[in-house]
Amino acid sequence: QVQPVESGGGLVQAGGSLRLSCVASGSSSSINNVAWYRQAPGKQRELVAQIIGDSTTNYADSVKGRFTISRDSARNTVFLQMSSLKPEDTAVYYCRLQKFNSAYVNYWGQGTQVTVSS
C-alpha cells in the first residue's frame, strides 16, 4: 500500500503563491506516474497537472504558465508550485500516485485546502 499525504495548503491573496507537497509512505518504490487534482465546491474533481514516467508533464489549460509540478523520487515527494493564484483556484487539492502491477493502481491522499481571496 502507498499512502500519499499532502501539505502546504492555506489561505492566500490573489496573486500570491503556495507550494503543495505530497509525501508517499508505505510501498512507495516504483511509483510510475504522479498527479495533482482539485475539486471545488459543487464541481467535479479535475486534473491540474501530472508527470508521466520520469519527465513528461501535462497541465490543465487554466493553470499553464502559473503552476509547476515536480517530483523528487529520492524523497518520494511530489510538489506543485502555484503562482499568480486566482480566486477560481480555490479548491481541495489531491495528490494521486500511480503504480503499475499488472494494471495501474491509483493511490489518493486526503487533500489539502487552498483558498484564494480576492
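As the structure is a computational prediction, the values presented were derived from the model and not from experiment.

Trainee: Help me get a handle on the environment of Gln110, residues and values and all.
Mentor: With respect to the secondary-structure elements, Gln110 resides in the loop between β10 (103-108) and β11 (112-117). According to the relative accessible area criterion, Gln110 is exposed, its value standing at 67%. In this structure, Gln110 is in contact with Pro4, Glu6 and Tyr94, ignoring residues within four places of it in sequence.

Trainee: Could you give an account of the state of the cysteines, with specific residues and numbers?
Mentor: As enumerated under the stated definition, the model contains one disulfide in all. Two residues share a disulfide in this structure: Cys22 and Cys95, whose sulfurs sit 2.1 Å from each other. The chirality of the disulfide connecting Cys22 with Cys95 is left-handed, given an S-S dihedral of about -75 degrees. With Cys22 in strand β3 (residues 18-26) and Cys95 in strand β9 (residues 91-101), the pair connects residues that are 73 residues apart, well separated along the chain. Exposure class is identical for Cys22 and Cys95. Each is buried.

Trainee: Describe the pairing of strand β4 (residues 33-39), naming the residues involved and giving the relevant values.
Mentor: Within a regular beta strand, the side chains point alternately toward one face of the sheet and then the other, so they alternate between its two faces. With six of seven residues buried, β4 is to be regarded as a mostly interior element. In this sheet, strand β5 (residues 46-52) lies alongside β4 in antiparallel orientation, the contact comprising six bridges. Its bridge partner being in β5, Trp36 is matched across the sheet by Ala49. Between the antiparallel neighbours β4 and β5 lie six residues, among them Gly42 with a positive phi of about 80 degrees. Judged from the seven bridges that link them, β4 and β9 form a sheet pairing that is antiparallel. Paired with Tyr37 across the two strands is Tyr94, which belongs to β9.

About the thresholds
- Residues numbered from 1 in each chain as written.
- Predicted model: local features only at pLDDT ≥ 70, side-chain atom pairs only at ≥ 80, totals over all residues.
- Heavy atoms only, no water.
- Helix = DSSP H or I, 4+ residues; strand = E, 2+ residues; numbered from the N terminus.
- Buried < 20%, exposed > 50% of the residue type's maximum accessible area, 1.4 Å probe, protein only.
- Contact = heavy atoms within 4.5 Å.
- Disulfide = S-S within 2.5 Å.
- Pairing = 2+ DSSP bridges.

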